[in-house]
Amino acid sequence: MSNVLEIRWHGRGGQGAKTASLLLADVAFNTGKYVQGFPEYGPERMGAPITAYNRISEIPIRVHSNIYDPEYVVVVDETLLEAVDVTKGLKKEGAIVINSAKTPDEIRPMLKGYEGRVYTIDARKISVAALGKYFPNSPMLAAIVKVTGIMDDESFLAEMEGSYKHKFASKPEVIEGNMKALRMSLQEVK
Amino acid sequence: MAIRERLSGNEAVAIAMRQINPDVMAAFPITPSTEIPQYFSTFCANGQVDTEFVPVESEHSAMSACVGSEAAGARTLTATSSCGLALMWEELYIAASCRLPIALACVNRALSGPININCDHSDSMGARDAGWIQIYSENNQEAYDNFVQAYRIAEHKDVRLPIMICQDGFITSHAVENISLLEDNEVRDFVGDYNPDEYLLNESHSMAVGPYDIPSYYMEHKKQQAVAMENAKQVILDVAAEFEKLSGRKYGLFETYKLEDAECALVIINSAAGTAKDAVDKLRAEGKKVGLLKIRVFRPFPAEEIAEALKNVKVIAVMDRCEGFSSQGGPLGAEVKSALYTAGSTAKVVDYIYGIGGRDVKVENIEEVYGALFDILATGNVGETYRYLSLRD
């Protein structure tokens, strides 16, 4: 249905693309929307390509298929550009957000002629700076929220703080780092 | 007051179980139902329920423990999928014939082999003749609502049969979606206490459970089971009516969608029904008279009611997410055709095997089925009645 926003995530097993899709569902849910967040399951293992999906809508969502013609695509691992047809079915009115140190102009030639908007964000740099470790999902989540405009920066940060407090109740020391990663990402997505 | 939440289907069922606060859960983990005992054992560890959690070494033992504890007089439940349900086979029949109202959360997954972890209905359809009530759920909301209603049906004095609440593995069990939950006390009051008339731990009235049955009584006992299953139909409707007063959500034996004036219709179970509703709306916008009937209650099978609901439909596709290897179609097809024949229907019927082993079901796939039904309507020629949807060349 045309009034449903559809997002497809490409990542590698262990990078948190599934978690990011579920967090995005959380964020959209908290703005009063109807949401779906679900991964495509199979015999995954660490490092293998995986796909996750989001639907966000003003009305209840009934369809339960995977997403083939998304408005937005998020690529959590740049090396997937060679292995997976990440722009397949992606609408040219939409956009793709890629985790890369490269600029959008440098990345575009790798996207098989995709005509829509291209954004990049260096999630590795941000994650290492904010958390001291490489967890790309928080930066990628902030980037897709910024690009889609699902909600404004301040409301998003407030929502995520609550969400992290719940998710990381047993290890509160990582909350500040993740919040820092989100704030940096909102500024740095280009 | 209704609680607005977003939960996966597995979380939703685990929360229903917490709200019910049963006496015993015996379970062995298997994908994709593993999260249900996982969440529930956390509730046990945190003291949120009074339930005795029995971590057994197999599903055969899980259902055996359920039979023992329910016979003792304890409200008991379990969760499983696929080969786990298959390993319970022997005890499923024992639970039903001993008239033990155990509740089982079945998260539908293909049976091996080839080994596959994804959704189809071969597990619960394989258990369809075991004597359990079977209720199916399109999404997380229905899985939750059906589980809240389960014990009221199973434990009813006219029924006393075990009940299986099914939902699609991964497709709904692992998808986070909006849901409306009831308050804990609303569920507790709705479900009520379990006070069986007869139970093993009743010191004042000793009894035997599951003894050998000789030919001069076996048939009579089976007939009693069959009568209980027939009785379940009215009880399911009564419980649904009461649940509607509590929740505002209406349930029947099945759901019809834009079926009143439909020329072509689908009969379908679980999550793909939601996808099919989008296809119906799309085709209705083009002026095509299409509708669908979504099975909620498969055991007991509401044959007369289904035939009545489909009486004006000219061409029907029965959608089976399960192969039966009858060379005629799947189990739902056989039941629906039997219901239509008995009612004297002249509708043309085809059976589609679809979505097995997790093959994705898109809106366009369902549109293709309706397209085939309109071809039959136009030509009067049914052609092959046993078809596969979205089969690769």
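Residues numbered from 1 in each chain as written. Chains lettered and ligands numbered in written order. Predicted model: local features only at pLDDT ≥ 70, side-chain atom pairs only at ≥ 80, totals over all residues.

What about the environment of Ser 8 of chain B?
Residues and elements named next belong to chain B. Let me state the cut-off plainly: Secondary structure elements are defined from DSSP: runs of H or I of at least 4 residues count as helices, runs of E of at least 2 residues count as strands, and each element is numbered from the N terminus. A residue pair is marked as a contact if its C-beta atoms, positioned from the backbone, fall within 7 Å.
Note that Ser 8 resides in the loop between β1 (3-7) and α1 (9-20). Between the C-alpha atom of Ser 8 and that of Val 176, which follows or precedes it by 168 residues, the distance is 4.1 Å. Once residues within four sequence positions are removed from consideration, Ser 8 is found in contact with Asn 140, Ser 173, His 174, Ala 175 and Val 176.

Focus on the interface of chain B and chain A
Rules: Nonpolar residues are Ala, Val, Leu, Ile, Met, Phe, Trp, Tyr, Cys and Pro. Charged residues are Asp, Glu, Lys and Arg, and all others, Gly as well, are polar. Paired strands are those between which DSSP finds at least two bridges.
Contacts between the two partners involve 21 residues from chain B and, on the opposite side, 18 residues from chain A. At the level of secondary structure, the elements contributing two or more residues to the side of chain B that touches chain A comprise β8 (176-181) and α10 (272-285) of chain B. Of all the elements, α10 of chain B adds the most residues to the side of chain B that touches chain A, at 5 residues. Grouping the amino acids of the side of chain B that touches chain A by side-chain chemistry returns 8 nonpolar, 7 polar and 6 charged. Pairing between strand β2 (residues 34-39) of chain A and β8 of chain B: 2 bridges, direction antiparallel. Of the residues in β8 of chain B, the one forming a bridge with Gln 36 of chain A is Glu 177 of chain B.

Description of the pairing of strand β11 (residues 290-295) of chain B
Residues and elements named next belong to chain B. Quick note on the threshold: Using C-beta atoms placed from the backbone, we call a residue buried if 20 or more other C-beta atoms fall within 10 Å of its own, exposed if 12 or fewer do, and partly exposed for counts in between. Crossovers are marked right-handed if the path from the first strand over the helix to the second runs clockwise, as seen with the strands pointing away from the viewer.
β11 sits mainly inside the fold: 6 of its 6 residues count as buried. Pairing geometry for strand β9 (residues 254-257) and β11, over 4 bridges, is antiparallel. Pairing of Glu 255 across the sheet is with Lys 294, part of β11. By the bridge criterion, 6 bridges tie strand β10 (residues 264-269) to β11 in an arrangement that is parallel. In the sheet register, Cys 264 faces β11, and the bridge partner there is Val 290. Handedness of the crossover is the feature at issue here: the chain leaves β10, passes through α10, returns alongside β11, and the resulting connection is right-handed.

Treat this as a map of the structure, not an account of what it does.
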